[in-house]
Amino acid sequence: MTNLHDLARRFHALHTPGRPLVLPNAWDTAGARIIAEAGAAAIATTSAGVAWSLDAADGDRVERAGALARIARIAAAVDVPVSADIEGGYAADADGVAATVREVLDAGAVGVNIEDGPRPAAEHVRCIAAARAAADAAQVPLFVNARIDVYLAGIGPVGDRLEETLRRAAACVAAGADGIFVPGVVDPDTVEALAKGIDAPLNVLAGPGAPATTELGRLGAARVSVGSGIAQAVHGLVRAAAVELLTDGTYASLAGGYDYAELNALLGADRR
């Protein structure tokens, strides 16, 4: 547990407004090691990527045991801190979320994302508090990232979404959240308003068309992740390569792939 405690402290220290922690999201051991080799200070999982690789759709449809087994393999494969996207906590209530958090710690991860999704805001707050209590009981300073989907899900009138997000964020921070994740927002004015209005590190979900990570940092973001973006890009390549091969009989889509020997060596390396 001492090592887990140290990893958690290290992960906390990486969240600095203005110099955001940039997290390429992984869903398997190969991706995690590639991301670590590229120089990432930490790794976050993508619940969508994990679910897809386990033959399930995203959206709390994957079995908790399967998802946590994958998180454990990723955490064991790298030397950097790992944060686990656990959707709504793979549970129906706060007690279930607490049980999931205990298993996340057993898996070796030192951060979690817990989303509100369709849950009422008050229930989400109870889940955040339960996660905090479970981590505190284990004496691990788990980084609890509360995801608020007001913008992503289009909740309420457009003009009220900033105020509603700030209200929910304040309640989550009071319940023990270490950071606030607001997907669905990349426009500079809103990012800046969120960063100024939330008394915790702000996580922004970025992708094509979003400002660069340095610009998001200038606006106050302390963490930038890409969610399922890399997984979607990989599966897009699978489709493009298959269509080219079956339609044209050519192989241009395969150019630029990871060198076989390098990837094999990377996966064969003993990192722990």
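Here, the structure is the one placed above.
Summary of the structure given here. (Residues numbered from 1 in each chain as written. Predicted model: local features only at pLDDT ≥ 70, side-chain atom pairs only at ≥ 80, totals over all residues. Heavy atoms only, no water.)

What follows is about the overall build of the chain. Secondary structure summary: the chain contains 11 helices and 9 strands in total. The C-alpha atoms of the chain give a radius of gyration of 19 Å, which matches the 19 Å a tight globule of 272 residues would have. The C-alpha extent of the chain, read off along each of the three principal axes, is 55 × 45 × 35 Å. Relative to its 272 residues, the chain shows a buried fraction of 47%. (Helix = DSSP H or I, 4+ residues; strand = E, 2+ residues; numbered from the N terminus. Rg over C-alpha atoms; globule rule 2.2 N^0.38 Å. Buried < 20%, exposed > 50% of the residue type's maximum accessible area, 1.4 Å probe, protein only.)

Enumeration according to the criterion identifies 0 disulfides in this entry. You can see Cys127 has no disulfide; the closest cysteine sulfur is in Cys172, sitting 9.7 Å from it. The class of Cys127 is buried, set by a relative accessible area of 0%. For Cys172, a relative accessible area of 1% gives the class buried. (Disulfide = S-S within 2.5 Å.)

Turning next to the sheet that holds strand 9 (residues 223-225). Spatial ordering of the open sheet is given by 1-9-8-7-6-5-4-3-2, a layout of 9 strands whose pairing is parallel. Each of the sheet's edge strands pairs with one partner strand only, and the pair in question is strand 1 (21-23) and strand 2 (25-26). Across 3 bridges, strand 8 (residues 202-205) lies against strand 9 in parallel orientation. Looking at strand 9, one finds that Leu205 is bridged to Ser225. (Pairing = 2+ DSSP bridges.)

What follows covers the environment of Ala222. Note on placement: Ala222 falls in the loop between helix 9 (213-218) and strand 9. Here the alpha-carbon distance between Ala222 and Arg61, two residues 161 residues apart in the chain, equals 30 Å. Contacts of Ala222, omitting those with residues within four sequence positions, involve Leu14, His15, Thr16, Pro17, Pro20, Leu21, Pro201 and Leu202. (Contact = heavy atoms within 4.5 Å.)

With that settled, consider the nonpolar core. In this structure, Ile43, Ile86, Ile114, Ile128, Ile180, Leu202 and Leu216 are the most contacted members of the largest nonpolar core, which totals 75 residues. The contact partners of Leu202, leaving out residues within four places of it in the chain, are Ile180, Val182, Val191, Leu194, Ala195, Ala221, Ala222 and Arg223. (Core = buried A, V, L, I, M, F, W, Y, C linked by side-chain atoms within 4.5 Å.)

This next bit is on the pairing of strand 6 (residues 143-147). Extensive coverage of strand 6 is indicated by the burial of 5 of its 5 residues. Of the pairings in the sheet, the one linking strand 5 (residues 111-115) to strand 6 comprises 5 bridges and is parallel in character. Residue pairing in the sheet places Val112 in a bridge with Val144 of strand 6. Chirality of the crossover, the property in question, places the unit of strand 5, helix 6 (residues 121-137) and strand 6 among those that are right-handed. In this structure, strand 6 lies alongside strand 7 (residues 179-182), joined through 3 bridges in parallel fashion. What sits directly across from Asn145, in strand 7, is Gly179. (Right-handed = clockwise from strand over helix to strand, strands pointing away.)

Under the definition given, this model contains 11 salt bridges. Taking the shortest distance from any N to any O, the salt bridge between Asp116 and Arg168 comes out at 3.2 Å. Of the two residues, Asp116 is situated in the loop between strand 5 and helix 6 and Arg168 in helix 7 (residues 161-175); the sequence distance between them amounts to 52 residues. The same class applies to Asp116 and to Arg168, which are both buried. A salt bridge links Glu164 to Arg168; its shortest N-O distance comes to 2.7 Å. Placement of the pair is Glu164 and Arg168 together in helix 7, with a separation of 4 residues, close to one helical turn. Each of Asp116, Glu164, Arg167 and Arg168 takes part in a single network of salt bridges with overlapping partners. (Salt bridge = Lys/Arg side-chain N within 4 Å of Asp/Glu carboxyl O.)

Fair warning: the whole summary comes from geometry, so function is off the table for now.
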